[in-house]
Amino acid sequence: MNTRTLLIALVAASLVGAGGYGAYWIGMNRGMQMTSSPESSAQKSAGADGTADKKVLYWHDPMVPGQKFDKPGKSPFMDMQLVPVYAGESADEGKVAISPSVQQNLGVRVADVTRGALAPAVEAVGSVAYNERDTVVVQARSNGFVERLHVRAPLDSVRKGQALAELYVPDWVAAQEEYLSVKRMPGAGLEFLLDAARQRMRLAGMAEDQIRLVESSGKVHARLTVTAPTGGVVAELGTREGMTVMSGALLFRINGLDTVWVNAEVPESQAGLVRPGNAVEARAPALPDIAFKGRVSALLPEVNPATRTLKARVELANPGHRLVPGMFATINLTPAARKEVLLVPTEAVIQTGKRSVVIVSHGDGKFAPVDVETGVETGGRTEIRKGLEAGQKVVVSGQFLIDSEASLKAATTRMGDAPAPEAAKAGGSSHRGEGKVTGIDPAKGRVELEHGPIPSMKWPAMKMGFAVPDKKQLAGLKQGDSVNFELRGEPDKGGDYVIEKIAPAGSKP
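Residues numbered from 1 in each chain as written. Predicted model: local features only at pLDDT ≥ 70, side-chain atom pairs only at ≥ 80, totals over all residues. Heavy atoms only, no water.

J.: Explain the overall build of the chain to me, using residue names and the numbers behind them.
T.: Across its full length, the chain holds 10 helices and 31 strands. Relative to its full complement of 509 residues, the chain shows a buried share of 40%. A sequence separation of at least 24 residues applies to 67% of the contacts in the chain between residues at least 6 apart. Counting only carbon and sulfur atoms, one obtains 53% of the accessible surface of the chain, whose full area is about 28000 Å². (Helix = DSSP H or I, 4+ residues; strand = E, 2+ residues; numbered from the N terminus. Buried < 20%, exposed > 50% of the residue type's maximum accessible area, 1.4 Å probe, protein only. Contact = heavy atoms within 4.5 Å. Areas by Shrake-Rupley, 256 points an atom, 1.4 Å probe, with all protein chains shown as cover.)

J.: Explain the packing of aromatic side chains to me, and be specific about the residues and the numbers.
T.: For the structure shown, the criterion picks out two aromatic pairs. Pairing W459 with Y497 gives two aromatic rings, centres 5.0 Å apart and planes at 85 degrees, and the pair type is edge-to-face. Pair noted here: W459 is in the loop between β28 (446-451) and β29 (462-467) and Y497 is in the loop between β30 (482-488) and β31 (499-504), with a separation of 38 residues, a long-range link. A single burial state applies to W459 and to Y497, both of which are buried. (Phe/Tyr/Trp six-rings, centres within 6.5 Å; stacked < 30°, edge-to-face > 60°.)

J.: Talk me through the sheet that holds strand β16 (residues 259-267); I want residue IDs and the actual numbers.
T.: What links the strands of a sheet is backbone hydrogen bonding, and the strands pair in either a parallel or an antiparallel sense. With respect to topology, six strands assemble into a closed barrel ordered β7-β16-β19-β18-β17-β20, the strand pairing being antiparallel. Sheet twist, expressed as the average angle between the axes of neighbouring strands with direction ignored, equals 40 degrees. Sheet topology places strand β18 (residues 287-304) next to strand β19 (residues 309-317); seven bridges connect them, and they run antiparallel. Across the sheet, residue A298 finds its bridge partner in β19, namely R313. (Pairing = 2+ DSSP bridges. Axes fitted to C-alpha atoms, helices over the stretch in contact; angles between N-to-C directions.)

J.: Break down unusual backbone geometry for me, with residues and values.
T.: At L155, a residue that is not glycine, the phi angle is positive and equals roughly 70 degrees. With respect to the helices and strands, the residue L155 is situated in the loop between β9 (144-149) and β10 (157-158). A positive phi angle is found at R308, which is not glycine, with a value near 55 degrees. The residue R308 is located in the loop between β18 and β19 in this model. Overall, the relative accessible area of 41% leaves R308 in the partly exposed class.

J.: How would you explain the sheet that holds β10 if you had to name every residue and give the values?
T.: Taken in spatial order, the four strands make up an open sheet running β8-β15-β13-β10, and their pairing is antiparallel. Unpaired on one side and paired on the other, β8 (135-139) and β10 mark the two borders of the sheet. Here β10 pairs with strand β13 (residues 232-237) via two bridges, running antiparallel. Note that in β13 the partner of S157 across the bridge is V233.

J.: I'd love a proper account of the side chain of Q210, names of residues and values included.
T.: Turning to its location among the elements, Q210 is positioned in helix α7 (residues 208-217). Filtering out sequence-adjacent residues up to four positions away, Q210 remains in contact with W172, G205 and L224.

J.: Tell me about the packing of helix α6 (residues 191-203) against α7, and please be specific about residues and values.
T.: Orientation of α6 relative to α7, taken along the N-to-C sense of each, is 135 degrees, at an axis distance of 10 Å. Judged on the interaxial angle alone, α7 and α6 are oblique. In the packing of α6 onto α7, the handedness of the crossing is right-handed. Residue-level inspection shows R198, M201 and R202 of α6 in contact with α7, the latter providing E208, I211 and E215. Residues of the contact of α6 with α7, tallied by class, amount to two nonpolar, no polar and four charged. (Parallel < 35°, antiparallel > 145°, perpendicular 65-115°, else oblique. Left-handed = near helix turned anticlockwise from the far one by under 90°. Nonpolar A, V, L, I, M, F, W, Y, C, P; charged D, E, K, R; others polar.)

J.: Can you lay out the pattern of salt bridges for me, pointing to particular residues and giving the numbers?
T.: Considering all chains together, one arrives at 19 salt bridges under this definition. Through salt bridges with shared partners, a single network forms among D195, R198 and E215. (Salt bridge = Lys/Arg side-chain N within 4 Å of Asp/Glu carboxyl O.)

J.: Before we move on, could you go through α6 and cite the residues and values that matter?
T.: Taking 1.5 Å of rise per residue, 13 residues should cover 18 Å, and α6 covers 18 Å from first to last C-alpha, within 8% of that figure. Every buried residue of α6 is listed here: L194, A197, R198 and M201. Mapping the buried residues of α6 onto a view down its axis gives an arc of 100 degrees, with all of them on the same face. Facing away from the buried surface of α6 by more than 90 degrees, the exposed residues are F192 and L203. Buried residues belonging to α6 abut α5 (170-184) and α7. Just past α6, the residue G205 takes up positive phi, approximately 105 degrees. (Expected span 1.5 Å × (residues − 1). Arc of directions from axis to C-beta.)

J.: Before we move on, could you go through a nonpolar patch on the surface and cite the residues and values that matter?
T.: A contiguous nonpolar patch, built from M185, F192 and L193 and spanning about 330 Å² of accessible area, is present on the exposed surface. Within the secondary structure, F192 is located in helix α6. Among the residues examined, F192 registers a relative accessible area of 68% and is labelled exposed. (Patch = residues over 30% accessible without salt bridge, like charges linked within 9 Å, V, L, I, M, F, W, Y side chains within 5 Å.)

J.: Break down the confidence of the model for the chain for me, citing the residues and quoting the values.
T.: Should pLDDT be low for a region, the predicted coordinates there are not to be read in detail. Averaged over the chain, the pLDDT score is 78; the fraction of residues at 70 or greater is 78%. For the stretch residues 1-50, pLDDT sits under 50, and the model shows 43 contacts to residues farther than four places along the chain or on other chains. Predicted confidence is poor over residues 411-427, with pLDDT under 50, and the contacts of this stretch with residues over four places away or in other chains come to 23 contacts. (pLDDT = per-residue confidence, 0-100.)

J.: Lay out α5 in plain terms, naming residues and giving numbers.
T.: In an α-helix, one turn spans 3.6 residues, which is why side chains three or four residues apart end up on the same side. Helix length check: α5, at 15 residues, gives a terminal C-alpha distance of 22 Å against a target of 21 Å (1.5 Å per residue), a fit within 8%. Within the sequence span of α5, burial applies to W172, V173, A175, Q176, Y179, L180 and V182. Where α5 is buried, its residues touch β11 (163-168), α6, α7 and β12 (223-227).

J.: Provide a residue-level description of the environment of D70, including the pertinent values.
T.: Looking at the secondary structure, you find D70 in the loop between β2 (64-69) and β3 (83-86). Taking the C-alpha atoms as reference points, D70 and W59, separated by 11 residues in sequence, lie 6.3 Å from one another.

Quick look at the structure:
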């Protein structure tokens, strides 16, 4: 073995034994060997490994990979040039690499991001009520007495034209006798008097058919038979046999049952999907085999503060009068189809509380979490308003196992910007070192040190600049002074390492 081979072996062994220090020194040496011209440095690196035709994504310091720069230059952290990162390199952010065998073991499945129209179904519950637009009221048109009732109890069914009650009306007797007396008078030119007598009967409350009955029969009809103007049920009975009634008194209130209302409680979050005119299908537990069809007639402008629901008034056809007020009903509303949107399987969306995330497959076993803005969810599909494009592939199974394999949170941090300075300060520990002041700027709170090795950070001896937030600590220091210092383990937002305490050598910082 010649002398040169022996020296190379000794250097290699020393680097392996040094562990992290040796690896760090290799990265430092790579940067230190670059030329003073940033542009020629980048070109040389590109040409040396055959990447001259590749696009430079950004430049970074290998020792602080989380901080990116848009142009070449000298690292603000170390005394070295920035290193370019090319498109297609493994250092591309957003890529968590998982081998095919591991994907198979994790049961990873992917699905395409597609375009389609969602017609989300809104399901609500409610109770059946009378259609208030199909209600009629029967009143006494004159003072009188109820001699006979044909309908004696509330909720009795009635049909149109059915006799409800018979009333004796004394005021009608006088009006009818006056008309008949004028009609019996001999002579001509009595039409004026007859018209006046008819008008008096009208003012007494007699209907036109009753007046015609008096004219045709020539007899006094003092009793009135009250009939039902519509079919339905007697919702309210306001009289009894033998009662004296006054003009305008309520005798009957009749509700039709050909159509009914269902007052459906729609969740506030889905109220925007419901519009008057939307088609509706309703089912009642009492009639499970029948589907009742109808439409939303109104969305009432009031929110229930206890349940946070709005009331949708649904009008249903009621063949056979099988739906009755008070019944419980389940309503399925079908809003109008919406325009085409991006859709993904709902199982692909990870809800973290403050944000929604999907895992995007980039092929070749690389995955990246992406923040998305979600919209309507229905039928196992979720609308994506922002964050994805049609044709991308998202992971629908195995997301949390990918998290176990490659730490989803750490991957998200690597893909995004550098951590906020508050987070770095909270997570970083302090490290002690010794060095000599080679430059100082108390006004800007900066100092340049030529420091010795810092084993706790696996740093070798080097010269670099630091930020000193507490500018008072720089008072009294000058170039050439030996100092002890304590710095944070993570750089701040500007990429500078921060000295928390600094003091002349021989005293504790």
